[in-house]
Amino acid sequence: MKIFHDVCKYLSKITSIEELYLYLLLSTTIVLFVFFCIKKLGTFIFRKKLSGRREFVFNQMFKVVVNVMQILVLLFIWDDYIKDLMTLISVVSAAMTIALRELILNFFCGLYIQMKKPFKVEDRIEIDGIKGDVMNISSLDFEVLEISTKDERGQSTGIVVTFPNSVVFSKPIKNITKGFKYIWDEITVKVKLDCDLSSNKQTLYKIVNELEVVKNIPKKMKEQINSINTENRIYFNQYNPIIYTKLVDNYVELTIRYLMHPKKSRFVESVIWNKIYLAYKEGNLDLFTGTD
């Protein structure tokens, strides 16, 4: 430590910069460099030892811990001068003050997100009319890969939207996958008024229940709900696919309701409609075409 002070004193004589400022500047630079190297080393180790999602998750957690330690070390170095620094900040422009306030707010909101977890990476969320999948959560902001909101089965638009972490306190957040991964999806099929309703329902039940991605979900859904009921009271009395009947003018409306992972919704809907069309062509479904 004495050597470091001697170096600062020597540089002060050469540069005519006050020794105190050189000490703070060099100390801060060294700390930032050391923690930068620690981050790079951690990333290298994770890349060698882990892969895929585990590598990403551990790397993000490691960066958060390192950032917190870095801030604590800097606070320790600047502790004796922090009051003078705050006095200096108080006399700068209002715009700078607001900017610093937002940075600090975003940082602490980032800690809140990491601890409280209103959402996590890969969750599908909706904020202020923008829906998408969380790609990354950092100290100051998080990124969402946007999906189309034209319908409930939106697919990725390829657009990345960045939100400041403070949005968790200023906007309501809809988490579509929190707690459990599945949502209820529906398909409405119109059949003729004079059809064999029971036979048509059996055909539709067979189509839905034979899909592997659908028939295994009720059991998984029950297990997930049972595992989170200690913290969140969630209750469903129906897990298996069900068909609701409604008489509309000159046709019967059959609404198929089933559990589905939101990211697979559009694919499954397409498969079901293909099977419905095939059943219609084979004479096993009396679809109402609007021309009868």
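Structure: see above.
The model shown is predicted, which means the values in this text are computed figures rather than measured ones.

Quick look at the overall build of the protein chain now. For the protein chain, the helix and strand inventory stands at 10 helices and eight strands. Counting every position in the protein chain, which comprises 292 residues, the buried fraction comes to 35%. In the protein chain, once contacts between residues fewer than 6 apart in sequence are set aside, the share between residues at least 24 apart is 60%.

Aromatic ring pairs are described here by two measures, namely the spacing of the ring centres and the angle between the planes. On inspection of all chains with the given rule, the structure shows five aromatic pairs. Considering the side-chain rings of Y112 and F169, the 5.0 Å spacing of their centres and the 45 degrees angle between planes classify their relative orientation as tilted. Taken together, the positions of Y112 in helix α5 (residues 94-116) and F169 in helix α6 (residues 167-170) put the pair 57 residues apart, joining distant regions of the chain. Residues F142 and F163 carry aromatic rings whose centres are separated by 5.4 Å and whose planes lie at 20 degrees to one another, so their mutual orientation is stacked. In this pair, F142 sits in strand β3 (residues 141-147) while F163 sits in strand β4 (residues 156-164), placing the two residues 21 residues apart along the sequence. The class for F163 is buried, based on a relative accessible area of 9%. In this structure an aromatic cluster arises from ring pairing among F119, F142 and F163.

Throughout the structure, instances matching the rule amount to five salt bridges. The partner of E126 in a salt bridge is K174, with the nearest N and O atoms 3.7 Å apart. In this pair, E126 is assigned in strand β1 (residues 124-127) and K174 in strand β5 (residues 173-175), connecting sequence segments 48 residues apart.

For the rest of this paragraph, the subject is empty space enclosed by the protein. A complete count under the given rule lists one cavity of 30 Å³ or more for this structure. Approximately 50 Å³ is the volume attributed to the largest cavity. In terms of lining residues, the largest cavity is bounded by V64, V68, F107, G110, L111, Q114, S138 and S139. For the lining of the largest cavity, the secondary-structure elements that each account for two or more residues are α3 (52-78) and α5. Residue contributions to the lining of the largest cavity peak at four residues, all from α5. For the lining of the largest cavity, the residue count by class is four nonpolar, four polar and no charged.

Negative phi is the rule for most residues except glycine; trans is the rule for most peptide bonds. Phi angles above zero are rare outside glycine, and E122 is one such case at about 85 degrees. Within the secondary structure layout, E122 lies in the loop between α5 and β1. Even without being glycine, D128 reaches a positive phi, approximately 55 degrees. When you line up the elements, D128 lands in the loop between β1 and β2 (130-137). Note on D128: relative accessible area 57%, which makes it exposed.

Mapping Y244 onto the fold places it in strand β7 (residues 242-248). Put simply, Y244 and I256 are 12 residues apart on the chain and 6.6 Å apart in space, counted from C-alpha to C-alpha.

Packing of helix α7 (residues 197-209) against helix α10 (residues 265-281) leaves a shortest axis separation of 10 Å and a crossing angle of 140 degrees. Crossing geometry of α7 relative to α10 is assigned as right-handed. Note on element contacts: α10 touches α7 through I272, K275, I276 and A279, opposite T203, L204, I207 and V208. Across the contact of α7 with α10, the residue classes tally to six nonpolar, one polar and one charged.

Attention now goes to the sheet that holds β4. Hydrogen bonds between backbone atoms are what pair the strands of a sheet, whose relative direction is either parallel or antiparallel. Pairing is antiparallel in the open sheet, where five strands are placed in the order β4-β3-β2-β1-β5. Edge positions in the sheet fall to β4 and β5, since each has one partner strand and no second. On average, each strand axis in the sheet is inclined to that of its neighbour by 35 degrees, with strand direction left out of account. Inspection of the sheet shows β1 paired to β5 by three bridges, in the antiparallel sense. Counterpart to I125 in the pairing with β5 is N175.

The rules we used
- Residue positions within a chain follow its written sequence, with the count starting from 1.
- Only residues with pLDDT of at least 70 get local features here, since the model is predicted, and only at 80 or more are side-chain atom pairs given and counted; chain-wide, interface and lining totals rely on the full set of residues.
- Side-chain metrics rest on all non-hydrogen atoms present in the structure, leaving aside hydrogens and water.
- Think of it this way: any DSSP run of H or I at least four residues long counts as a helix, any run of E at least two long counts as a strand, and we number them from the N terminus.
- Only protein chains enter the area calculation, which uses a 1.4 Å probe; residues under 20% of their type maximum are buried, those over 50% are exposed, and those in between are partly exposed.
- In this analysis, two residues are considered to be in contact whenever any of their non-hydrogen atoms come within 4.5 Å of each other.
- Pairs were defined over the aromatic rings of Phe, Tyr and Trp, the Trp ring being its six-membered one, requiring ring centres within 6.5 Å. Orientation was assigned from the angle between planes: stacked under 30 degrees, edge-to-face over 60, tilted for the rest.
- Basic side-chain nitrogens of Lys or Arg form a salt bridge, by our definition, when they fall within 4 Å of a carboxyl oxygen of Asp or Glu.
- In this analysis, the protein atoms alone were mapped onto a 1 Å grid. Cavities are point sets where a 1.4 Å probe fits without being able to get out; pockets are open sets with protein on both sides within 12 Å along at least five of seven lines; lining residues have an atom within 4 Å of a point.
- Grid points are joined across faces, edges and corners, and a volume is the space filled by probe spheres set on the points.
- Ten residues, namely Ala, Val, Leu, Ile, Met, Phe, Trp, Tyr, Cys and Pro, are considered nonpolar, four, namely Asp, Glu, Lys and Arg, are considered charged, and the remaining ones, Gly among them, are considered polar.
- To get an axis, a line is fitted to the C-alpha atoms, and for a helix only the part in contact is used. The angle between two axes follows their N-to-C directions and goes from 0 to 180 degrees.
- Here is the rule for handedness: rotate from the far helix to the near one, and if that takes an anticlockwise turn smaller than a right angle the crossing is left-handed, while a clockwise turn gives right-handed.
- Strands are treated as partners if at least two bridges between them are detected by DSSP.

Note that every value here comes from positions in space, so none of it alone points to a role or purpose.
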